[in-house]
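Coordinate analysis (summary)
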Amino acid sequence: MRSSHGIRNAVMAAAAAVALAAGMTGCSNDSGETPKSVASKAGEAVESATAAAASEMAKIKGGLNAKADVKAGPTEAENNRLSNEITAANPTDKAADYTVLVNWKDSSGNLLDSTVVSIDAVPPGGTKSATAQTHRDLSGTPPAEIGQAVRH
């Protein structure tokens, strides 16, 4: 099984950071960064992350929507990184590979982090799992959601 990772953050998370920064423009941290500069960096990271996830999913040619075949297990946290076991159940009569976009969202529905996981050679009628892990530190244990799954 191979695991390839790409990240994707929501623009809504950046918008929240920008809104926070707008309310705190006179403040700065120990390094002299203002919330506005931090929000600007967050916006750039969102754009880069979104492009990385889209690029990873775009590599899949000729796949079928298989979101119903894939489930996320409970969220586990270790050193502020979150992980979930992602399981693909192959209902076909041939071995299949799955590429899965996994999202973690806060309680307001804002996307916190995403990753792309590959689950290769899932046997016909069988299941196979891989671990999805966040790319950055997150607090709490929000559930993982399957954003997209492709069987190929």
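A short tour of the structure in this document, coming up. Please read these numbers as outputs of a predicted model, since none were measured by experiment. (Residues numbered from 1 in each chain as written. Predicted model: local features only at pLDDT ≥ 70, side-chain atom pairs only at ≥ 80, totals over all residues. Heavy atoms only, no water.)

**Focus on the environment of N90**
Secondary-structure assignment places N90 in the loop between β4 (81–89) and β5 (96–105). Of the residues examined, N90 reaches a relative accessible area of 2% and is grouped as buried. Note: C-alpha distance between N90 and D69 (21 residues apart in sequence) is 6.6 Å. Excluding its chain neighbours within four sequence positions, the residues that come into contact with N90 are A95, A96, Y98, V122, P123, P124, G125, G126 and R151. Within the structure, N90 has its side chain in polar contact with the backbone oxygen of P123 (distance 3.5 Å). (Helix = DSSP H or I, 4+ residues; strand = E, 2+ residues; numbered from the N terminus. Buried < 20%, exposed > 50% of the residue type's maximum accessible area, 1.4 Å probe, protein only. Contact = heavy atoms within 4.5 Å. Polar contact = N/O pair within 3.5 Å; in protein donor to acceptor, adjacent residues only side chain to side chain.)

**Side note on the sheet that holds strand β8 (residues 144–151)**
Here 4 strands make up an open sheet; going across it, the order is β1-β8-β5-β6 and the pairing antiparallel. In this open sheet, the two edge strands, each paired with only one partner strand, are β1 (64–65) and β6 (111–122). Here β5 pairs with β6 via 9 bridges, running antiparallel. When the bridges of β6 are listed, T99 appears paired with S118. (Pairing = 2+ DSSP bridges.)

**A look at the pattern of salt bridges**
Taken as a whole, this structure holds 4 salt bridges when the rule is applied. Between K59 and E56 there is a salt bridge; the shortest N-O distance is 3.5 Å. D137 serves as the salt-bridge partner of R81, at 2.9 Å between the closest nitrogen and oxygen. With a gap of 56 residues between them, R81 in strand β4 and D137 in the loop between β7 (127–133) and β8 connect regions that are remote in the sequence. On the basis of relative accessible area, R81 is assigned to the partly exposed category, the value being 30%. Relative accessible area serves as the criterion here: at 45%, D137 is assigned to the partly exposed category. (Salt bridge = Lys/Arg side-chain N within 4 Å of Asp/Glu carboxyl O.)

So yeah, pure geometry; function would need other evidence.
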